[in-house]
Amino acid sequence: MPVMSMFAPASLLRHAGITVAACLLIAAALTALGQGLWDVNLAYSLAIGLISWLSIDLLRLRWRESDQIPWPRGMRGMAVVPLGIAAGLVLGNPLGSLYVQQFHPELPAAGRPSLWLPFAITMATSIAMSWGFYVVGKSRHLQMQAEQAQRQAAEARLSLLQAQLEPHMLFNTLANLRVLIASDAPRAEQMLDHLIAYLRATLAGSRSGTHSLASEFALLTDYLALMQIRMGDRLTYSLTLPADLAGLPVPPLLLQPLVENSIRHGLEPQLAGGHIAVQAGMLDDSHLLLSVHDNGLGLPVLPGQPPSGSGFGLQQIRERLASRYGSAARFDLTADSAGGTRACLVLPLKPQP
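Overview of the structure. (Residues numbered from 1 in each chain as written. Predicted model: local features only at pLDDT ≥ 70, side-chain atom pairs only at ≥ 80, totals over all residues. Heavy atoms only, no water.)

**Side note on the overall build of the protein**
The condition is simple: Secondary structure elements follow DSSP: runs of H or I of four or more residues count as helices, runs of E of two or more count as strands, with numbering from the N terminus. Exposure is judged per residue with a 1.4 Å probe applied to protein chains only, and the accessible area is read against the type maximum: over 50% gives exposed, under 20% gives buried, and values in between give partly exposed. Residue contacts are counted whenever heavy atoms from the two residues lie within 4.5 Å of one another. Residue-level accessible areas treat just the shown protein chains as cover; the underlying method is Shrake-Rupley with a 1.4 Å probe.
Check the secondary structure of the protein and you find eight helices and seven strands. Buried residues in the protein amount to 40% of all 353 residues. Contacts in the protein between residues at least 24 apart in sequence constitute 72% of all its contacts with a sequence separation of at least 6. Taken as a whole, the protein presents about 18600 Å² of accessible surface, with 63% of it coming from carbon and sulfur.

**Section: a nonpolar patch on the surface**
Condition: Patch rule: a residue counts if its relative accessible area is over 30% and it has no salt bridge; like charges are joined within 9 Å, and nonpolar side chains (Val, Leu, Ile, Met, Phe, Trp, Tyr) within 5 Å. Salt bridges are defined as contacts in which a side-chain nitrogen from Lys or Arg sits within 4 Å of a carboxyl oxygen from Asp or Glu.
Taken together, Val20, Leu24 and Trp38 make up a surface patch of nonpolar side chains, about 240 Å² in accessible area. Note that Val20 resides in helix α1 (residues 2–32).

**Focus: the pairing of strand β5 (residues 287–294)**
Note the following rule: Pairing between two strands requires that DSSP report at least two bridges joining them.
Of all the eight residues making up β5, six are buried; the element is thus mostly covered by neighbouring parts of the structure. Summarising the sheet, strand β4 (residues 274–284) and β5 pair through eight bridges and their orientation is antiparallel. Residue pairing across strands places Ile276 opposite Asp294, the latter belonging to β5. Here β4 folds back onto β5 in antiparallel fashion, the turn holding two residues. The pairing of β5 with strand β7 (residues 341–348) spans eight bridges and is antiparallel. Along β7, the bridge assignment pairs Val292 with Ala343.

**Some points on the pattern of salt bridges**
On inspection of all chains with the given rule, the structure shows two salt bridges. Glu260 is paired through a salt bridge with Arg264; the nearest N and O atoms lie 2.4 Å apart. Remark: Arg264 and Glu260 occur in helix α7 (residues 256–267); sequence separation between them is four residues, near one turn of the helix. Looking at Arg264, the relative accessible area reads 31%, which means it is partly exposed. Asp332 serves as the salt-bridge partner of Arg330, at 2.8 Å between the closest nitrogen and oxygen. Classification of Arg330 as partly exposed rests on a relative accessible area of 42%.

The following block contains the structure:
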């Protein structure tokens, strides 16, 4: 079963370690109470305890109804612990007796642990440990559900972001396209080609959780080409993507809001326009660095406070990074001393679990 192959090794080893520790404590307690020899108590405790634990865990994994819920439901769930205890007593007691015969043949029958004491200890310990395993597993299941809900909410907010950003750009582009059709048909055709490519890439990106960095830069190329046709000589840009980074996976439409922000707030209000540089590189062996730099008006800076971007698009980027990478990713927005704004994204090469 897939569940057994993916889930069993880690959980079985963890539960086995806990069971062995419990058996050691039980053997020590029985010995301290004068209930036989240490090694004999340990032999019985390990034989009964390990068989009970293994039976309970294997039945639990075999009968579980879902990959996410760590315990079977209904009558099967109620039968798991009694069946495991019965298996431990039936198979464990003979193993304990075999140990006594091999290593303590001189030990009289009165010196061996009685049946009722292992039975009571096994039942109490198995019930307590099974309940503990169930509670831990249930809490992990609830945590996974909460994390999944957060990811779904982040993706829903991404869709909302796209719904707000794309019509603004689309309406402006169509208005410019209408003018160009009458005055400059070749440029209008070029603008229409870029618009089609951009919309196609945007649609494909919105349907997937990640795409390659090359796809992200291709989308930016079409978007910036559209903006350049609209703004003319007031907009220049450069895109720098090393070939060895082109295949790295990134969330779709991660850089477009940053470029949109640079144009709308940095370059368009500036009479001379300006330049946008988008670069990808490695910060270190395990982190990708993406930057969007413009020489526009820059961010408003209050005395004694660092520049900050609180727009909807920038907030969405922060939330998406937190949802996908946790604290391993970073988003910095800074104002250059010479004017303009630099947005930097630091992403781990491997997403956090």
